[in-house]
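Coordinate analysis (summary)
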Amino acid sequence: MSDFPTQARVVIIGGGAVGASALYHLCKAGWTDCVLLEKNELTAGSTWHAAGNVPTFSSSWSIMNMQRYSAELYRTLGEAVDYPMNYHVTGSVRLGHSKERLQEFKRVVGMGRYQGMDLNILSPDDVRSRYPFLETHDLSGALYDPYDGDIDPAQLTQALAKGARQMGARIERFCPATSVTRENDEWVIGTPKGDIRCEIVVNAAGYYAREVAKMFGRDLPMMVMSHQYMLFDTIPELESWSKEVGHKLPLLRDVDSSYYLRQEKYGLNLGPYENPCRAHWATPDDPFPQDFSFQLFPDDLERLEWHINDAMARVPLLAKANLTKVINGPIPYTPDGNPLIGPMPGVPNAFEACVFTFGICQAGGAGKVLAEWVTQGATEWDMWSCDPRRFTGWEDPDYCVKKGMEVYGHEYGMHFPHHTWPEGRMKRLSPVHDRTAALGAQFGPYNGWERALWYARPGDDTSEAAQQTWDREGPWFGAVREECLAVRDACGILDLPGFSRFMLTGDGAAAWLAAQITGKLPSIGRLGLAYFADDKGRIVTEMSVARMGEDQFLLITAATAQLHDKEWLLRHMAPGLSLFDASEQWSCQILTGPKSRAVLAACSDADLTKGWLTFQKARIAGVEVYLFRVSFAGELGWEIHTPVGDTAQVWDAVMAAGKPHGLRPFGMFALNSLRVEKGYRAWKGDLSTDYTVLQGGLERFVDWSKPDFRGKAALAAEKQAGVTKRFVTLTVEAGECDPPYMSTIWHEGRVVGETTSGYFGHRVGKVIALGMLRADLTAPGTAVEVEVFGTRYPAVVQEDAPLWDAKNERIRA
Ligand SMILES: Cc1cc2nc3c(=O)[nH]c(=O)nc-3n(C[C@H](O)[C@H](O)[C@H](O)COP(=O)(O)OP(=O)(O)OC[C@H]3O[C@@H](n4cnc5c(N)ncnc54)[C@H](O)[C@@H]3O)c2cc1C
C-alpha cells in the first residue's frame, strides 16, 4: 500500500483497450509519469468480450485515419513490447447489394488509396474465389480490404499496458476513482487506496464514462446499447478448407443485411446490428449498475432471428454449425456514433477518450490522438469528428437514446448528402418554424436547430426514400434551382437559428484580439472575417467580427462551433477581458438578392446607403434589430439579427414587404450552392487544422505588418520555404454526382490533391469543387481530374477569384 502513487502528471481513469492505448502513447511521447486507474481488472468493461474485429473501412476520412493507424500499430506491437498476440490479418469482404452501395465502396477505395491502402472492388465471381462458401447470385459486388482482421482484445490491452509499464507508467488495478476535486490548479483523484494529485486527468471509462463525467460536473451525451454475437462450433468443411489453403476465411460483412460473420478457429462468429434493437440503462426502472465488471446481459436471440436466417442463406455452411455461445454485452454510443476524444468541455486540464462503439479497432489511433491533445494541445490530423465539443450541451437523454438506437440500427447505413436521419429531431426550433414549415420547408438539424434545407413545391417527393441517393438530382433539385435563381434575380430569405455569438469587452480587447487573428481588425461600425491560427499556422476557426466600440466586439461563428470557439477564446484570454455567450438570446435571418434593398426600404428605417461590411441598428416592425451588410450567398444582402422573441414579428414584416419584389424563402442546399460559387469556405470542411492559413488561400486575411499574432512565425517560415499545396476552385465535368469530401484530384496519373467541398452552382450552371492542390499545379486553366465514386472526371483550375461575380460588384451594389 505504501507503494501507492500519490502524485502523477497524468491520471487515466479506465483500463480498457482505449485507456491502455492512451497510457502507451503518452509514454511514447515521453510523458511517463502517468498512472492508470482501473476499478476492476484490466479489460473488465466492454473490452474483454469484444469480437475483436479490426476494420480500416470508414466513410469518414478522420476515422479511417485512426483505424488505419491502429491496424499498422497492431502489426508490430506484439514484437515491440515482447507480448505475442493473436492478431489475424485475414482481409475482409464487404458485400454490396445495390448500385449505391458500390458507389460508397468506390469512394472508400479512393480515400483508402490516398491513405496508402490498397482496397479494391471485387465482382461477385471474385468474391467467391476468396470466399468459396458464399451465395453471390444477388450481389452487385464487394469491397476487399486486405488489412482487415481480428485481434484478441484482452491481449491487445495487456500488450499496450506492458509497453507502457516498460516505459515507466504505473497501472493500479482494483482501484476505482471515486471522487475528483480541484485544488491549487491540480486535480486530486480520490480512490480507496488514497488520493493521487495530478496535473491532467483523462476519462477513459468506456460505458461508465457518464458516471465519471458527473464527478467533473459534466453531463456526457451518451447511452448504452446491447450488442450480441454468436459463436458456432467447428464446421468440418471449413476446417478442411482452412487446412488445405493454409489460412482463414476473410471477415465477411453483409452490410445491407447488417451483420458480420467471422471465422473463429474452425467455427464462425455471427454478429448482427439488428433493428429493432435494445438500449440498456436508459429508463428509471433499469438504473445504471454500480458495477458490471465482466458481466453480460442475458441472451436475446429472438430479435436476431432475421439476421441468422439471412446469414444462413448467404453462407449455407452456417446452417450446419452448432451454436455454442452467445455474448451479449454493453456498447456505449454517442448521438452520432463517434467516440469522444479531446478536451473535456468547460473543465481545465481534463480530457476524454471514451464512449467508443468500435474501441478495439480505434484504440490504437485514439491513443495517439489523445496523447497529442494532452502533450501538445492539438492533434496531427483534424479530429473534429471525435471532438467532445461537437456536442454543445442541449442533447438530453431522450435525444441520446433515440440517436444511439438509430445509429446502432443503421450501423452500416450509407450517409447520403441530401439525406437527414429522422430520429431525435425537432429539439430546437426557430420562432418561425411553423411559418417556414407551412411554406414547404424540409428541415435538417444544425447543432440541433432545425433549418430549412429546401422548400418543397406541390407534388415534390418529400419521402425519406427519395433522399437515398448519391446523385446530385433528386426531388430537391428543381426547387433548389428556383431558390438560387430567386436570390440571383430578386431576393431570398433564409431563417438561420443557432449561430454562436460572443460579446468580447474590456480594456485592451482590441489589442488582444488583434494578436489572436491573422488579419486586421475592422474599424468601429464595420465587420470583417477573421481567421484564428494555431501555433503551427493551421486554421483553427473563422469568425465574423463586428466592432461595436474601441474595445467591444461581437464575434459570430458556426452553430456547432459554439463550445469549440468559446473554449479557444477563453483558453487564450487576457486577464480583465470578458466574454459573454449570447448565442441563446439572438437569432438571424439572411435577406439577400438584388431586390433586398427595396424590401428593407419598405419595412425598416435603416440607412441603406451604408456599404458592404458595415452594420447598424435599425427598426423593423417596431423591433430593434442589427443589420449586417454581408451575404454568404454572394449577392447584395443583409443579415438581420433579432432578439429571439422578436424573430417572428420581423419575419412577417419582411415577408410582407418582400411580396411585391418576388421574395422567396430558400434553404441550406441553395446556400451551399451559392457559397461554393463564391469560393466561400465552410468550417470543418474547407477550413480545418489539416491546412494552414496559407494553404487555405487566405493570405489576404494575413496582416504581416502586425508585430505578432498566433501562428505568425510558422506562417512566415512556410511562406519563405514555399507553400506546398494550395486552395483552388475547380469546375468539374462530373457525371451524376457531385464530388464528396476528400475526393482525390489527379494529374498525369498521380494523386495531387483532394476536394473539400463539391456542389452544383446554379448561377454558373457548373459542378464546382473546392479543394487543395499541389502548389505547382494551381495555375488557372490547368487540366486535372477529380475522382468521383471511382470515376475520374475532367476538371479545370479556375482563377483565384469567385466564379460568380468575380469582382464582388453585386455584393457591393
Ligand atoms: C459484443 C460486443 C462485440 C464487440 N466487438 C467489437 C469489435 O469487433 N471491434 C471493435 O472495435 N469493437 C467492438 N466492440 C466494442 C468494444 O468492445 C468497445 O468499444 C471497447 O472495448 C471500448 O474500450 P474502452 O477502453 O473505451 O472501454 P472499456 O473496455 O469499457 O473500459 C473502460 C474501463 O473503465 C473502468 N472504469 C469505469 N469506471 C471507473 C472508475 N471510476 N475508476 C476506474 N476505472 C473505471 C472499467 O472497469 C473498464 O475496465 C464490441 C462490443 C460488444 C459489446
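Attention in this report is confined to the structure presented alongside it. Treat the numbers as computed from the prediction; the structure is a model and nothing was measured.

Right, let's get into the side chain of Ser-70. You can see Ser-70 is positioned in helix H2 (residues 61-81). Setting aside residues up to four positions removed in sequence, Ser-70 forms contacts with Cys-361, Gln-362, Ala-363, Gly-364 and Gly-365.

Time to look at the side chain of Glu-787. Among the structural elements, Glu-787 can be located in strand E37 (residues 783-788). A relative accessible area of 7% means that Glu-787 is categorised as buried. Side-chain polar atoms of Glu-787 contact the side chain of Trp-746, separated by 3.1 Å. Ignoring anything within four residues of it in the chain, the contact list for Glu-787 reads Lys-106, Gly-110, Arg-113, Ser-743, Thr-744, Trp-746 and Arg-792.

The subject of this paragraph is the sheet that holds strand E25 (residues 539-549). The strand order across the open sheet formed by five strands is E24-E25-E26-E23-E27, and the pairing between neighbours is antiparallel. The open sheet has two free edges, formed respectively by strand E24 (527-533) and strand E27 (578-581), since each of these has just one partner strand. Taking each pair of neighbouring strands and ignoring which way they run, the sheet shows an average axis angle of 30°. Where helix H14 (residues 562-572) meets the sheet, it contacts strand E23 (500-505), E24, E25, strand E26 (552-557) and E27, and its direction lies at approximately 75° from that of E25.

Right, let's talk about unusual backbone geometry for a bit. In this chain, Asn-275 is followed by Pro-276 through a cis amide linkage whose omega measures 10°. Relative to the helices and strands, Pro-276 is located in the loop between strand E15 (267-272) and strand E16 (279-280). With a phi close to 55°, Asp-805 is a non-glycine residue in the positive phi region. Checked against the element boundaries, Asp-805 lands in the loop between strand E38 (791-797) and helix H19 (809-812). Accessibility expressed as a relative area gives 13% for Asp-805, which makes it buried.

Let's shift gears to the nonpolar core. Among the nonpolar cores identified, the biggest contains 104 residues, and Leu-119, Tyr-333, Trp-454, Phe-628, Phe-666, Leu-730 and Val-732 are the most heavily contacted of them. Core analysis: the next-biggest nonpolar cluster, separate from the first, contains 52 residues, Tyr-69, Ile-151, Ala-161 and Ala-371 among them.

Bringing the packing of aromatic side chains into the picture now. Tallied over the entire structure, the rule returns 30 aromatic pairs. Chaining the aromatic ring pairs together yields one cluster made of Tyr-207, Tyr-208, Trp-281, Phe-288, Phe-292 and Phe-297. Here Arg-130 stacks its cationic end above the ring of Tyr-144, 3.8 Å away from the centre of that ring.

Now for the sheet that holds strand E29 (residues 615-620). Reading across from one edge, E29-E30-E31-E28-E22-E32 is the order of the six strands in this open sheet, with mixed pairing throughout. Since the sheet does not close on itself, it has two edges, and those belong to E29 and strand E32 (663-665), each with one partner. The average angle at which neighbouring strand axes cross in this sheet is 30°, direction not considered. In this structure, strand E22 (residues 491-495) lies alongside E32, joined through three bridges in parallel fashion. Note on E32: the bridge partner recorded for Gly-492 is Arg-664. Helix-sheet contacts for helix H12 (residues 476-489) involve E22, strand E28 (586-592) and E32, and the interaxial angle to E32 is about 140°.

Quick look at the state of the cysteines now. One pass over the full model with this rule turns up zero disulfides. Left unpaired, Cys-198 is separated from the closest cysteine sulfur, that of Cys-34, by 9.8 Å. You can call Cys-198 buried: its relative accessible area is 0%. Left without a disulfide partner, Cys-603 is nearest to the cysteine sulfur of Cys-491, which lies 10 Å away. What makes Cys-603 buried here is its relative accessible area of 15%.

Moving on to the site of the ligand. Contacts to the ligand come from 37 residues, most closely from Glu-38, Thr-47, Asn-53, Phe-356 and Gly-359. Asn-53 places a main-chain nitrogen or oxygen 2.7 Å from an oxygen atom of the ligand. Residue Ala-177 places a main-chain N or O atom 2.9 Å away from a nitrogen atom belonging to the ligand. Compared with its free state, where it exposes 1000 Å², the ligand has 98% of that area covered by protein. Here the residues of the shell around the ligand sort into 20 nonpolar, 15 polar and two charged.

Basis of the calculations
Residues numbered from 1 in each chain as written. Predicted model: local features only at pLDDT ≥ 70, side-chain atom pairs only at ≥ 80, totals over all residues. Heavy atoms only, no water. Helix = DSSP H or I, 4+ residues; strand = E, 2+ residues; numbered from the N terminus. Contact = heavy atoms within 4.5 Å. Buried < 20%, exposed > 50% of the residue type's maximum accessible area, 1.4 Å probe, protein only. Polar contact = N/O pair within 3.5 Å; in protein donor to acceptor, adjacent residues only side chain to side chain. Pairing = 2+ DSSP bridges. Axes fitted to C-alpha atoms, helices over the stretch in contact; angles between N-to-C directions. Core = buried A, V, L, I, M, F, W, Y, C linked by side-chain atoms within 4.5 Å. Phe/Tyr/Trp six-rings, centres within 6.5 Å; stacked < 30°, edge-to-face > 60°. Lys NZ or Arg CZ within 6 Å of the ring centre and 35° of its normal. Disulfide = S-S within 2.5 Å. Near = heavy atom within 4 Å. Areas by Shrake-Rupley, 256 points an atom, 1.4 Å probe, with all protein chains shown as cover. Nonpolar A, V, L, I, M, F, W, Y, C, P; charged D, E, K, R; others polar.

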